[in-house]
Amino acid sequence: MAETVVSVRDVNIYQGSNLVLQDVNFNIARGEFVYLVGKTGTGKSSLLKTLYGELPLKEGVANVAGFDLKGMDWKKVPFLRRNLGVVFQDFQLLTDRNVHQNLRFVLKATGWTDEKLIEEKINDVLDKVGLKSKGFKMPFEMSGGEQQRVDIARALLNSPKLILADEPTGNLDPETSDEIMQLLFQICKDYGTAIVMATHDFIVINRYPSRMLKTERSRVLDSAVPV
Ligand SMILES: Nc1ncnc2c1ncn2[C@@H]1O[C@H](COP(=O)(O)OP(=O)(O)O)[C@@H](O)[C@H]1O
Ligand SMILES: [Mg+2]
């Protein structure tokens, strides 16, 4: 049995006083690629935010990368974040500094001090996303696809067992989306990283089929569980 990196039991997710998702149950194993699909407004981002500690878990039990989310002290959220990578639709790079400095900023902020190791790590993640020679570039000098690669490189900095990606191809044209999907599947396969990716892009899903969790009418349906 592969190691479980996400376990969610009887979880209810709220935005304010609104119940967005109820009775959520699923497990994700090391190395799994799982889509999170469902119409806009059905709770995909709310579920991901719960998993990365942005939305506090109120009801139910969840364990993410070894962290028990129930009743987790907000001071522990940075430690949780160090054990997972998060990728966004809009990249969220710091626009006033180059790629290398963006990555360096994250390492410094997560406690890295050894300059040699910092350099090695930055070169390592840039190599993994195919941007080895682009460290000096400013975000505005890069295409959307390249910026998304930098975002993925940033997610890889702390060698996470889990990457949570919220519509990572949402701002990209079909060809560039394809390249990003190939990269994500390769990361999943090569490093055994579990990936949960929210998307409503069925072209992408059809080209790269995998297990699906679907948000629908306040529930999460799991393609791995027969109804
Ligand atoms: N910050 C927020 N404050 C209040 N309600 C929110 C917030 N974010 C999302 N919601 C609501 O929660 C529901 C689920 O939204 P969301 O998780 O963003 O869905 P999706 O990512 O599938 O589009 C929607 O009804 C949305 O309006
Ligand atoms: Mg969303």
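The preceding data block contains the structure.
Residues numbered from 1 in each chain as written. Chains lettered and ligands numbered in written order. Predicted model: local features only at pLDDT ≥ 70, side-chain atom pairs only at ≥ 80, totals over all residues. Heavy atoms only, no water.

A few words now on the nonpolar core. If you look at the biggest cluster of nonpolar residues, it comprises 36 residues, and the most contacted ones within it are Tyr35, Ile152 and Met197. Sorting the residues of this core by element identifies strand S3 (33-37), helix H3 (99-109), helix H4 (115-128), helix H5 (144-156), strand S7 (162-166), helix H6 (174-191), strand S8 (194-198) and helix H7 (202-207) as the ones contributing at least two each. Counting residues per element, this core draws most heavily on H6, which supplies six residues. By size, the runner-up hydrophobic cluster in this structure holds 34 residues, among which are Leu21, Leu51, Leu69 and Leu162. (Core = buried A, V, L, I, M, F, W, Y, C linked by side-chain atoms within 4.5 Å. Buried < 20%, exposed > 50% of the residue type's maximum accessible area, 1.4 Å probe, protein only. Helix = DSSP H or I, 4+ residues; strand = E, 2+ residues; numbered from the N terminus.)

Sheet strands pair by backbone hydrogen bonding; their relative direction is either parallel or antiparallel. Taken together, four strands build an open sheet; the order of strands is S2-S1-S4-S5 and the sheet is antiparallel. Edge positions in the sheet fall to strand S2 (18-29) and strand S5 (67-68), since each has one partner strand and no second. Across eight bridges, strand S1 (residues 4-15) lies against S2 in antiparallel orientation. Bridge pairing in S2 links Ile13 to Leu21. Contacts from helix H1 (residues 44-51) reach S1, S2 and strand S4 (59-64), with the element oriented near 120° to S1. (Pairing = 2+ DSSP bridges. Contact = heavy atoms within 4.5 Å. Axes fitted to C-alpha atoms, helices over the stretch in contact; angles between N-to-C directions.)

Before going further, it helps to examine the layout of surface pockets. Reported here for the largest pocket is a volume of approximately 550 Å³. Around the largest pocket, the lining is made up of 21 residues, and of these Arg81, Val86, Val106, Thr110 and Arg154 lie nearest the centre. Where the lining of the largest pocket is concerned, the elements lending two or more residues are helix H2 (77-82), strand S6 (84-87), H3 and H5. With four residues, the top contributor of residues to the lining of the largest pocket is H3. A breakdown of the residues in the lining of the largest pocket according to their chemical character gives twelve nonpolar, five polar and four charged. (1 Å grid on protein atoms, 1.4 Å probe; cavity = no way out; pocket = protein on both sides within 12 Å on 5 of 7 lines; lining within 4 Å. Points joined across faces, edges and corners; volume = space filled by probe spheres on them. Nonpolar A, V, L, I, M, F, W, Y, C, P; charged D, E, K, R; others polar.)

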